[in-house]
Each structure stands twice: as structure tokens, then as C-alpha cells.
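# Survey of secondary and tertiary structure
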Amino acid sequence: MAKCQLRAYSSLSNSEILRKAIHISGFAVSFVCTHLFNASLVSMSLFVVTIGYAVSELARTKGINVPVFSTITRKAASNPEINHFVTAPISFAMGIILALLVFPTYIAHASIAVLTLGDGFAGIFGKIFGKTPLFFNRKKRFEGTIFGFTCAFLGSTLFINPLKAIVAAAVGMLAECLPLPIDDNLVTPLSVGTVLILFT
């Protein structure tokens, strides 16, 4: 029985790999804002893409295929999700957009780093190496949380000092692990940004 449970957590499906790759790639938003376009333009572009995705999902649930969007959703969605409107990409994009619009630049980028790197790598390593469930959320693994914290910290140090990065990573991973009714893609960056402002 134990071997079967370990095997279940020791591999990633193709859809999970694609989902996590998309999640982690969101980290590039901060560099786009820094070196190419301003935060307002990036936020507007993300919002337009999000609207396009929402329309494509409505169409997909009615059996209408929308090029690119529908293909990616079918490849990335898990089996239970595939027959329904998949909301995770919307909450993910909105979390990034709100961080860019609400917080000062360096706090916004640190919050995005925690969301994308911390949450993304925690899921990957928790799935592959996770053996110890968290006592307050049995779906999350201690090993994944620790690795996610490390990645969130390292990513945050590109925008804030190490002490603040530790705070940001800790708050972000706690928000990601808590079994809250609100999507952690929204809770994580907003929690991190708010705490960093208070900490500052």
C-alpha cells in the first residue's frame, strides 16, 4: 500500500508538466515589465488575453474549438476539469495583474516571483519527492513546500532584500498551502504584497 502511494506521488503527467511550465513562465512578466514595456501595458495585454481565454473556454464547453486556446486547455487540464470551464488560468492572470496595478514595482515583482516560482516548483517537487503531508492540508507535501519556499526566496531576492524575501516566501507558501475557499493564485500575490507593504 505504501509503495502504491509513493508511486502516485513520484511522477508527473504530461498535463501537470504543461500546467507547471505555464505557471513558472509567469515569472517572465517581471522582466518584460522591467526591460520592454511598462506595467500598465503588460497588465492591459494580460487582461485582453484573459478575456480571449474566457471566451474560448465558453466556446469549448459548448463543443466549439478555438485555435491555440482550446488546444492548450485540453492538453493542460486534468481529467475532472476537462469537461468544465477551467478557471485556474483566469485567477492566475488576475493575480499577476492585480499585483502589478496595486503594489509598488519592486513589491509587485517579488509577489509575482513567489506566485510563479514558489507555487510552481512546490507542486513539481511535492509531486515527485513528497512523502510527508502537511498536518493542516493533507493534499500538500512538506518537501514540496520547502522547495517552493527556497525558489520563492531566491526569485524574490532579485527585487527585494534577503530579509524581506524570507518574509515574502514564508507568507506566500503559507497562503499556497492553506485550504482556503479562494483560489491561491489570487491569495498568494495579494497576501505577499500586503505583508511586504506592512513590513516596509
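Residues numbered from 1 in each chain as written. Predicted model: local features only at pLDDT ≥ 70, side-chain atom pairs only at ≥ 80, totals over all residues. Heavy atoms only, no water.

## Remarks on the nonpolar core
In this structure, Val29, Ile96, Leu100 and Leu196 are the most contacted members of the largest nonpolar core, which totals 30 residues. At the level of elements, helix H3 (28-35), helix H6 (88-102), helix H7 (105-129), helix H8 (142-156), helix H9 (162-177) and helix H10 (184-199) are the ones that each hand at least two residues to this core. With 9 residues, the top contributor of residues to this core is H7. Leu196 has contacts with Ile107, Ala110, Ile160, Lys164 and Ala168, leaving out every residue within four places of it along the chain. (Core = buried A, V, L, I, M, F, W, Y, C linked by side-chain atoms within 4.5 Å. Buried < 20%, exposed > 50% of the residue type's maximum accessible area, 1.4 Å probe, protein only. Helix = DSSP H or I, 4+ residues; strand = E, 2+ residues; numbered from the N terminus. Contact = heavy atoms within 4.5 Å.)

## What to know about the pattern of salt bridges
Applying the stated criterion across every chain, the model contains 3 salt bridges. Across the pair Glu16 and Lys127 runs a salt bridge, and its minimum N-O distance is 3.4 Å. Of this pair, Glu16 sits in helix H2 (residues 14-25) while Lys127 sits in helix H7; the two residues are 111 residues apart in sequence, bridging distant segments of the chain. Overall, Glu16 belongs to the buried group, its relative accessible area being 18%. The class of Lys127 is partly exposed, set by a relative accessible area of 22%. Its salt-bridge partner being Glu176, residue Lys140 comes within 2.7 Å of it at the nearest N-O pair. Here Lys140 is found in strand S2 (residues 137-141), whereas its partner Glu176 is found in helix H9, with 36 residues between them in sequence. (Salt bridge = Lys/Arg side-chain N within 4 Å of Asp/Glu carboxyl O.)

## A look at the environment of Val49
With respect to the helices and strands, Val49 occurs in helix H4 (residues 39-61). Along the backbone, Val49 and Ile90 are 41 residues apart, and their C-alpha atoms lie at a distance of 9.5 Å.

## Some points on the packing of aromatic side chains
For any pair of aromatic rings, geometry is given as the distance between the ring centres together with the angle between the planes. Per the counting criterion, the structure on display carries 6 aromatic pairs. Ring centres 6.3 Å apart and planes at 65° place the aromatic pair Phe121 and Phe147 in the edge-to-face group. Of this pair, Phe121 sits in helix H7 while Phe147 sits in helix H8, and the two are 26 residues apart along the sequence. Judged by relative accessible area, which is 30%, Phe147 ranks as partly exposed. (Phe/Tyr/Trp six-rings, centres within 6.5 Å; stacked < 30°, edge-to-face > 60°.)

## Concerning the environment of Ile64
Along the polypeptide, Ile64 turns up in the loop between H4 and helix H5 (69-76). When residues no more than four places from it in sequence are discounted, the contact partners of Ile64 are Ala59 and Ser70.

## Some words on the environment of Val86
Of note, Val86 is situated in the loop between H5 and H6. Its relative accessible area of 7% is what places Val86 among the buried residues. The sequence separation of Val86 and Thr71 amounts to 15 residues, and the corresponding C-alpha distance is 13 Å.

## Concerning H6
Since the α-helix turns once every 3.6 residues, residues separated by three or four places project in the same direction. Its 15 residues give H6 an end-to-end C-alpha distance of 21 Å, which sits within 8% of 21 Å, the value for a rise of 1.5 Å per residue. At its buried positions, H6 is contacted by H2, H3, H4, H7 and H10. (Expected span 1.5 Å × (residues − 1).)

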